[in-house]
Amino acid sequence: MMLLDIEEKYGFTYPIIYKNLSLDGMLTVGEYGPDWYLTVYPKLKENPPLLLHSYDFELLDLNNVNEAIEELLDPEDYRQIKEEFKFIPFGQSGAGDHYCFFLNEENNGENPVVFVWHDANEVNYLAKNMQDFIFRMLLTDMSDQDIYNDVSDKEFKDNLDKVLKTHKKYLTDKQNDILQTIFNREIIDYEILLPKAKETKRGLLSDVELKKILVEIIPFDKMDASFEYSDN
């Protein structure tokens, strides 16, 4: 399928930035499968498509987008999403939650990006538009080196460097300046407070600074707010 097919079928218009991502090949990640990490990923990482290294984010190709929309609209779907809510997925988590454009609301003609949980009657606002969502995800990636899978400092910085190069044209000058400034820092260890414990993280900025930058650079009064998608 093509973007135009999805738009005509469901009666909406993708944001310009998403169309540009598609034209530039930034939405092409190959077919996920058992050998994807060994055969496809090594080729992609030299010129990373959209959010290739972002934690728990997988791009959906347009055929999968179509299937996901149909599932979310299906009155027999187990989630029982209210008929008035219109979500257009473009990515998913490993568990099957969806990153979506939320068509019910607009900010200066652009739809906010939300996270639709698959196993909880909840939707979280992530950003007021796609551009800010990309900035938020990249900044978050900078704060969270994957020490669980033993990603080295060098690999962490190399991956970020390549991602910043392919994503630069989709962000504002100010957003790019902030990301580049943080990229030039030394990696630090820091602690985050959990309800009953502390957890050590590693990255180029702490979770506290991350939140501060998001509020200052991509302000959105609904950021991280939630609502229920079903009456069940």
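Just above, that's the structure.
Source: prediction; values computed, not measured. (Residues numbered from 1 in each chain as written. Predicted model: local features only at pLDDT ≥ 70, side-chain atom pairs only at ≥ 80, totals over all residues. Heavy atoms only, no water.)

### Details of the sheet that holds strand E1 (residues 58-59)
The antiparallel open sheet is built from six strands, whose spatial order is E1-E2-E3-E4-E5-E8. Bordering the open sheet on either side are E1 and strand E8 (226-227), each of which pairs with just one other strand. Pairing geometry for strand E3 (residues 98-102) and strand E4 (residues 113-116), over four bridges, is antiparallel. Note that in E4 the partner of Tyr-99 across the bridge is Phe-115. The strands touched by helix H5 (residues 62-73) are strand E2 (87-92) and E3; relative to E2, the strand with the most contacts, the crossing angle is about 130°. Contacts from helix H6 (residues 130-143) reach E2, E3, E4 and strand E5 (123-127), with the element oriented near 90° to E5. (Pairing = 2+ DSSP bridges. Helix = DSSP H or I, 4+ residues; strand = E, 2+ residues; numbered from the N terminus. Contact = heavy atoms within 4.5 Å. Axes fitted to C-alpha atoms, helices over the stretch in contact; angles between N-to-C directions.)

### Here's the deal with the nonpolar core
The nonpolar side chains of a soluble globular protein tend to be buried, and buried together. With 73 residues, the main nonpolar core has Tyr-14, Leu-21, Phe-87, Met-130, Phe-133 and Phe-135 as its most contacted residues. In terms of residue count, the dominant contributor to this core is H6 (eight residues). Not counting residues within four places of it along the chain, the set of residues in contact with Phe-135 comprises Leu-171, Gln-175, Ile-178, Leu-179, Ile-213, Leu-214, Ile-217 and Ile-218. (Core = buried A, V, L, I, M, F, W, Y, C linked by side-chain atoms within 4.5 Å. Buried < 20%, exposed > 50% of the residue type's maximum accessible area, 1.4 Å probe, protein only.)

### Some thoughts on the environment of Glu-228
Checked against the element boundaries, Glu-228 lands in the segment after E8. Sequence separation between Glu-228 and Asn-121 is 107 residues, and the spatial gap between their C-alpha atoms is 5.3 Å. If sequence neighbours within four positions are ignored, Glu-228 has contacts with Phe-85 and Asn-121.

### Details of the pattern of salt bridges
All told, the structure shown has 19 salt bridges when counted by the stated rule. Here Arg-202 and Asp-189 are joined by a salt bridge, their closest N and O atoms 3.0 Å apart. Here Asp-189 lies in strand E6 (residues 188-193) and Arg-202 lies in strand E7 (residues 198-203), a separation of 13 residues in the sequence. Exposure remark for Arg-202: the relative accessible area of 19% places this residue in the buried category. Where Glu-191 meets Lys-198, a salt bridge forms, and the shortest distance between an N and an O atom there is 3.8 Å. If you follow the salt bridges from partner to partner, you end up with Glu-71, Asp-77 and Arg-79 in one network. (Salt bridge = Lys/Arg side-chain N within 4 Å of Asp/Glu carboxyl O.)

### Quick word on unusual backbone geometry
Positive phi, normally seen in glycine, also occurs at Leu-51, with a value near 55°. Tracing the chain through its elements places Leu-51 in the loop between helix H4 (41-44) and E1. Relative accessible area serves as the criterion here: at 1%, Leu-51 is assigned to the buried category. Backbone geometry at Asn-108 places phi at a positive 55°, although glycine is not the residue there. Mapped onto the elements, Asn-108 comes out in the loop between E3 and E4.

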